[in-house]
Amino acid sequence: MLRIGMLTSGGDCQALNAAMRGVFKTVTRNSKEPVEFYGFDEGYKGLIYSHFRILTEEDFSNILTIGGTILGTSRVPFKTIREPDEKGVNKVEAMKDTYYKLQLNCLVVLGGNGSHKTANLLSEEGLNVISLPKTIDNDLWGTDMTFGFQSAVDIATRAIDEIHTTASSHGRVFIVEIMGHKVGWLPLNAGIAGGADIILLPEIPYDINKVIEVIEERSKSGHRFTILAVAEGAISKEDAALTKKQYKKKLAKSEYPSVSYELAAQILERTGREVRVTVPGHTQRGGAPCPYDRVFASRLGAEAGQLILNKEYGFMVAYRNREIVKAPLKEVAGNLKTVDPNASIIQEAKLLGISFGDE
Ligand code: F6P
């Protein structure tokens, strides 16, 4: 009997169900021995507290196109994983106990950055782990692409598209705040696809004077509006010069709910123009996966299933140079794939006239 545990961890995204379906179909259709799938509720919580259910063909029927996750998810921060919970439960030992109690052959983790640190820890503790790269942020080390990203780019782009018409009618400055606290792949791609005039990313600290200059120059050359695609984690040059502690303190005291509102106040004060902020927020993680993500997540699921059948563990199924490969968990865990300010996509965007507020 082949016993496989599966969980989805961290912020959800589109195509989690498609990926799990891919794993299930591949293993059940191709295994020479009987297979049992155990689905853990709400990520690592289910593994810690032994909350699970046996998954059958019915669970995976009709879910290819459905967003969210049939297992539910939660964030169990890695930095506290070695600390006992409020009832004194040792979380790592509890996860291992559940795994051994169910006599699992393998644990499949669908997760982003934090979840991969825990996946690697469990692998180092001796569990057989296979993971799949999920996140709308596309910031996982070791893979060119994560599933969820393309669907989120579609949604964020549509938000900018829709702002375009109203921005041009009113001649306003519009800020569209796009998800990405530490890494800017999503605002970068949606910003280019939506024709934003200014894109502000966590990796390229902005100078407010440059941002104002671009808005004024656009106005002088006859453009009635300016659209900014701003990452949640966009940061000014001044703030980037602060220590982490000083910056956190500044944010805690700030009167603004996010950087976009601070920018809006600065633009209004310096230019006298009407500014509006739009935050698509969690809509970017919601709804049906786009066709790209359905195909991509299904392929990753099939390849993960193949690794399980081959008894090859300790890997994340990754995508590099248009091929699906396996990335060792220890290389993925704790590494972020950020936007390189010198990357060709940034240079090309600049050639197109997009400002990053830096020069
Ligand atoms: O990691 C995915 C993500 O959607 C980020 O883009 C965003 O910054 C964060 O999660 C939001 O987290 P939460 O769902 O906990 O508010």
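To keep things clear, this report deals only with the structure shown in the data block. This structure is a prediction, so every number in the text was calculated from the model and none was measured. Each residue is numbered by its place in its chain's sequence as written, counting from 1. At least 70 in pLDDT is required for a residue's local features to be given in this predicted model, at least 80 for side-chain atom pairs to be given and counted, and no such filter applies to totals for whole chains, interfaces and linings, which use all residues. Calculation of side-chain values draws on the structure's entire complement of heavy atoms; hydrogens and water are dropped beforehand.

Bringing the packing of helix α6 (residues 149-170) against helix α7 (residues 185-193) into the picture now. With axes taken as lines fitted to C-alpha atoms, and helix axes fitted only over the stretch in contact, angles between N-to-C directions fall between 0 and 180 degrees. Helix and strand labels come from DSSP, where a helix needs a run of H or I of at least four residues and a strand needs a run of E of at least two; each type is numbered from the N terminus. Between α6 and α7, the shortest axis-to-axis distance is 8 Å and the interhelical angle comes to 50°. Between α6 and α7, the angle is such that the two are oblique. Every pair of crossing elements has a handedness; the one defined by α6 and α7 is right-handed. Along the contact surface, α6 presents Phe149, Ala152, Val153, Ala156, Thr157 and Ile160, while α7 presents Trp185, Leu186, Asn189, Ala190, Gly191 and Ala193. Residues that form the contact of α6 with α7 fall into these classes: 9 nonpolar, 3 polar and no charged. Roughly parallel means an angle under 35 degrees; roughly antiparallel, over 145; roughly perpendicular, 65 to 115; everything else is oblique. In this scheme, a crossing is called left-handed if the near helix is turned counterclockwise away from the far one by less than a right angle; it is called right-handed if the turn is clockwise. We call two residues in contact when some of their heavy atoms are within 4.5 Å. Under the scheme applied, nonpolar residues are Ala, Val, Leu, Ile, Met, Phe, Trp, Tyr, Cys and Pro; charged residues are Asp, Glu, Lys and Arg; polar residues are all the others, including Gly.

Attention now moves to the sheet that holds strand β3 (residues 52-55). In this description, strands pair whenever DSSP reports at least two bridges between them. With mixed pairing, 7 strands are arranged side by side in an open sheet as β3-β2-β1-β4-β5-β10-β11. The open sheet has two free edges, formed respectively by β3 and β11 (323-328), since each of these has just one partner strand. Here the average twist between neighbouring strands, direction ignored, is 30°. Each of β1 (2-8), β4 (106-111), β5 (129-133), β10 (315-320) and β11 touches helix α12 (residues 291-309); the most contacted strand, β10, lies at about 135° to it.

Bringing empty space enclosed by the protein into the picture now. Grid points spaced at 1 Å and placed over the protein atoms alone form the basis of the search, with a cavity being a set where a 1.4 Å probe fits but cannot get out and a pocket an open set showing protein on both sides within 12 Å along at least five of seven lines. Lining residues have an atom within 4 Å of a point. Grid points are joined across faces, edges and corners, and a volume is the space filled by probe spheres set on the points. All told, the structure shown has 1 cavity of 30 Å³ or more when counted by the stated rule. Roughly 30 Å³ of volume is contained in the largest cavity. Along its surface, the largest cavity is lined by Tyr206, Ala234, Ile235, Ser236, Asp239, Tyr247, Leu251, Val259 and Glu262. Of all the secondary structure elements, the ones that give two or more residues to the lining of the largest cavity are α10 (244-253) and α11 (259-271). Here the residues of the lining of the largest cavity sort into 6 nonpolar, 1 polar and 2 charged.

With that out of the way, let us pick up the packing of aromatic side chains. When the centres of two rings from Phe, Tyr and Trp lie within 6.5 Å, Trp using its six-membered ring, the rings pair. Their planes under 30 degrees apart give stacked, over 60 give edge-to-face, and anything left gives tilted. The final tally for this structure, using the stated rule, is 8 aromatic pairs. Each ring, one from phenylalanine 24 and one from phenylalanine 37, has its centre 5.0 Å from the other, and the planes form 55°; the classification is tilted. With phenylalanine 24 in helix α1 (residues 16-30) and phenylalanine 37 in strand β2 (residues 35-40), this residue pair connects regions lying 13 residues apart in the sequence. Accessibility classification places phenylalanine 24 together with phenylalanine 37 in one group, the buried group. Owing to a relative accessible area of 7%, phenylalanine 24 belongs among the buried residues under this scheme. Note on exposure labels: buried denotes an accessible area under 20% of the residue type's maximum, exposed denotes more than 50%, and partly exposed covers the range between, all computed with a 1.4 Å probe on protein chains only.

The contact between α1 and α12 brings their axes to 7 Å, and the two run at 40°. Looking at the two axes, α1 sits oblique to α12. Handedness of the α1/α12 crossing: right-handed. Note on element contacts: α12 touches α1 through Arg294, Ala297, Ser298, Gly301, Ala302, Ala304, Gly305, Gln306, Ile308 and Leu309, opposite Ala18, Ala19, Arg21, Gly22, Val23, Thr26, Val27 and Asn30. In terms of residue class, the contact of α1 with α12 is made up of 9 nonpolar, 7 polar and 2 charged.

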